[in-house]
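Here is what each chain is made of, one letter per residue.
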Amino acid sequence: MDALNSGRATLTLCVAAALLSGCGASQPPINAQSETVNAPAITTPADNGSQADTGDTMRALRNAQSGDLLYVTTSNRKQLYALTYPQLQLVDTIGGFAGDPFLHGLCSGPAGDVYVTDDGPKSLYLYVFKHGAKTPSRVLSAPGGFQACSVDPTTGDVAAIAIENRPAVAIYSKGKGSPKLYDANHGYSGSAYSSNGNLYLISFDGCLTLFVKGTFTCVKLRRSARIPHAAGLQWHNGVLVIAGRAHHNQQTIYTVKLTGATTGRLVSTMALDRAKDEGPRSGLPALLAGDELMAPSHAKGLLSFWLYPKGGEPLKSVTLKVDGFVSGLALSHRS
């Protein structure tokens, strides 16, 4: 991880205030259109999809009952996968979602609940799964265009964000009911709650923003250049970790240390090296678990792992038993 030049001037990572008309100003919520959806979302039995023998399957099921699970969505958009972590053994392939599903974003809360965004043409939902469950405990209505989410560890509130569509932010109080919708005239590619419950947003343009009670405030960073083409945001061990879009054979991970609610500094960058023949797709998610960072690649089911904060060459690459390219990742801890 390379330290940045401390002599660089303080910059504001809100790329032109005109791009974010609500920057530093309160935006009124937009009335939600519907309440919690009561109809069941899963209409067909789940199929675990594993080719392992009975012994491997039983061991995987025991691990799932007692340990963490990695949830994955893929480019097929119609199924949700659950794998043991760190063993990465497939234990469930959850299908049969209502309508024409387009599963994409994933996030998890401290109690192990997993939230899945569905932005299909006939299925605008936010699904809530208990740790290890085969069917959702709740199915919430969602606006169109919402493809990522994060969970407040202090309240259980869930924030869903839109990359392009308006409104840009939806807040589900305690992860239930209808959301309050906020229009920022700006889409976001990632969101993360800090340990004290502050919600931070990042745009593709590199605009890092604090969102509190309808107010969007740009974060001023010292020792920083822009953070362009951001593809994801995560709170990890007291810092904000921003994943840049993959470009050719490399992806850059940025670490931001907050010095106040709306001030901070870019303390380091980390380069993820890729195989020369991969040419990873842009906008890939990255997920930190302890000192291990995982991110998908161009090959179907391929997930690579790097040592954080070292980066460089991957420690290993694993082909998951899933259908399609990995597009979403969330780690669920058993409470």
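The rules behind the values
- Starting from 1, residues in each chain are numbered consecutively following that chain's sequence as written.
- Two thresholds apply to this predicted model, a pLDDT of at least 70 for residue-level local features and 80 or more for giving and counting side-chain atom pairs, whereas whole-chain, interface and lining totals are computed over all residues.
- Excluding hydrogens and water, the side-chain figures rest on all heavy atoms present in the structure.
- Labels follow the DSSP assignment, with helices taken as runs of H or I lasting at least four residues and strands as runs of E lasting at least two, numbered in each case from the N terminus.
- Three exposure classes are used, based on accessible area relative to the maximum for each residue type with a 1.4 Å probe and protein chains only: buried under 20%, partly exposed in between, and exposed over 50%.
- Working rule for contacts: check all heavy atoms of both residues, and any pair within 4.5 Å makes them a contact.
- Being paired, for any two strands, means DSSP has found at least two bridges between them.
- Lines fitted to C-alpha atoms define the axes here, with helix axes fitted over just the stretch in contact, and angles between the N-to-C directions of these axes take values from 0 to 180 degrees.
- Across the chain, each position has a pLDDT score giving the predictor's confidence in that residue, from 0 to 100.
- Note on aromatic contacts: the rings of Phe and Tyr and the six-membered ring of Trp form a pair at centre separations within 6.5 Å, being stacked when their planes are under 30 degrees apart, edge-to-face when over 60 apart, and tilted otherwise.
- The criterion for a disulfide is a pair of cysteine sulfur atoms lying within 2.5 Å.
- Basic side-chain nitrogens of Lys or Arg form a salt bridge, by our definition, when they fall within 4 Å of a carboxyl oxygen of Asp or Glu.

Draft legend 1. Structural view of the overall build of the chain. What the chain contains, in helices and strands, is one helix and 29 strands. Going through the 335 residues of the chain one by one, you find that 54% of them count as buried. Contacts in the chain between residues at least 24 apart in sequence constitute 55% of all its contacts with a sequence separation of at least 6.

Draft legend 2. Structural view of the sheet that holds strand S10 (residues 123-129). Here four strands make up an open sheet; going across it, the order is S8-S9-S10-S11 and the pairing antiparallel. Each edge of the sheet is formed by a strand with only one pairing partner; in this case those strands are strand S8 (103-108) and strand S11 (138-141). Along the sheet, successive strands turn relative to each other by an average axial angle of 20°, direction set aside. In terms of strand pairing, strand S9 (residues 114-120) meets S10 through seven bridges, oriented antiparallel. For Thr 117, the partnering residue across the bridge sits in S10 and is Leu 126.

Draft legend 3. Summary view of the environment of Val 219. Summarising the element assignment, Val 219 is placed in the loop between strand S19 (215-218) and strand S20 (220-222). Classification of Val 219 by relative accessible area gives buried; the value is 0%.

Draft legend 4. Examining the environment of Lys 130 more closely. By secondary structure assignment, the location of Lys 130 is in the loop between S10 and S11. Residue class for Lys 130 comes out partly exposed when judged on its relative accessible area of 43%. Not counting chain neighbours up to four residues away, the residues in contact with Lys 130 comprise Tyr 71, Gly 112, Asp 113 and Ser 137.

Draft legend 5. The sheet that holds strand S29 (residues 326-332), seen in detail. Taken together, the four strands give an open sheet; going across it, the order is S7-S6-S5-S29, and neighbouring strands pair in antiparallel fashion. One side of each edge strand has no neighbouring strand; the edge strands of this open sheet are strand S7 (90-94) and S29. When strand polarity is set aside, the average angle formed by the axes of neighbouring strands in this sheet is 20°. By the bridge criterion, four bridges tie strand S6 (residues 80-85) to S7 in an arrangement that is antiparallel. Within the sheet, the bridge partner assigned to Leu 83 lies in S7 and is Leu 90.

Draft legend 6. Spatial organisation of the confidence of the model for the chain. In the predicted model, the chain carries a mean pLDDT of 81, and 76% of its residues have values of at least 70. Across residues 43-54, confidence stays below pLDDT 50; counting only partners more than four residues off in sequence or on other chains, it has 18 contacts.

Draft legend 7. The pairing of strand S17 (residues 199-202), seen in detail. Neither face of S17 is exposed, since Leu 199 and Leu 201 on one face and Tyr 200 and Ile 202 on the opposite face are all buried. As consecutive antiparallel partners, strand S16 (residues 190-193) and S17 are separated by five residues, and within that stretch Gly 197 has a phi angle of approximately 95°, a positive value. Sheet analysis places S17 next to strand S18 (residues 208-212), joined by four bridges and oriented antiparallel. Bridged to Ile 202 within S18 is Leu 208. The loop that links S17 with its antiparallel partner S18 comprises five residues; one of these, Gly 206, has a positive phi angle of about 90°.

Draft legend 8. Region of the structure containing the environment of Phe 211. Take Phe 211: it is sitting in strand S18. Judged by relative accessible area, which is 6%, Phe 211 ranks as buried. Excluding anything up to four places from it in sequence, Phe 211 contacts Val 169, Ile 171, Tyr 182, Leu 199, Leu 201 and Phe 216.

Draft legend 9. View of the packing of aromatic side chains. What the rule picks out here adds up to six aromatic pairs. Ring centres 5.7 Å apart and planes at 65° place the aromatic pair Tyr 125 and Tyr 127 in the edge-to-face group. The same class applies to Tyr 125 and to Tyr 127, which are both buried. An aromatic cluster is built from Phe 97, Tyr 125, Tyr 127 and Phe 129, whose rings are joined through pairwise contacts.

Draft legend 10. Region of interest: the state of the cysteines. On inspection of all chains with the given rule, the structure shows one disulfide. The side chain of Cys 107 participates in a disulfide bridge whose partner is Cys 149; the two sulfur atoms lie 2.2 Å from each other. An S-S torsion of about -115° defines the bridge between Cys 107 and Cys 149 as left-handed. Highlighted residues: Cys 107 in strand S8 and Cys 149 in strand S12 (residues 146-151), separated in sequence by 42 residues. What makes Cys 107 buried here is its relative accessible area of 6%. Among the residues examined, Cys 149 registers a relative accessible area of 9% and is labelled buried.

Draft legend 11. Up close: the pattern of salt bridges. Using the criterion set out here, one finds three salt bridges in the structure. Residues Lys 134 and Asp 92 are paired through a salt bridge, measuring 2.6 Å at the closest nitrogen-oxygen approach. Pair noted here: Lys 134 is in the loop between S10 and S11 and Asp 92 is in strand S7, with a separation of 42 residues, a long-range link. Under the relative-accessibility criterion, Asp 92 is labelled buried at 7%.

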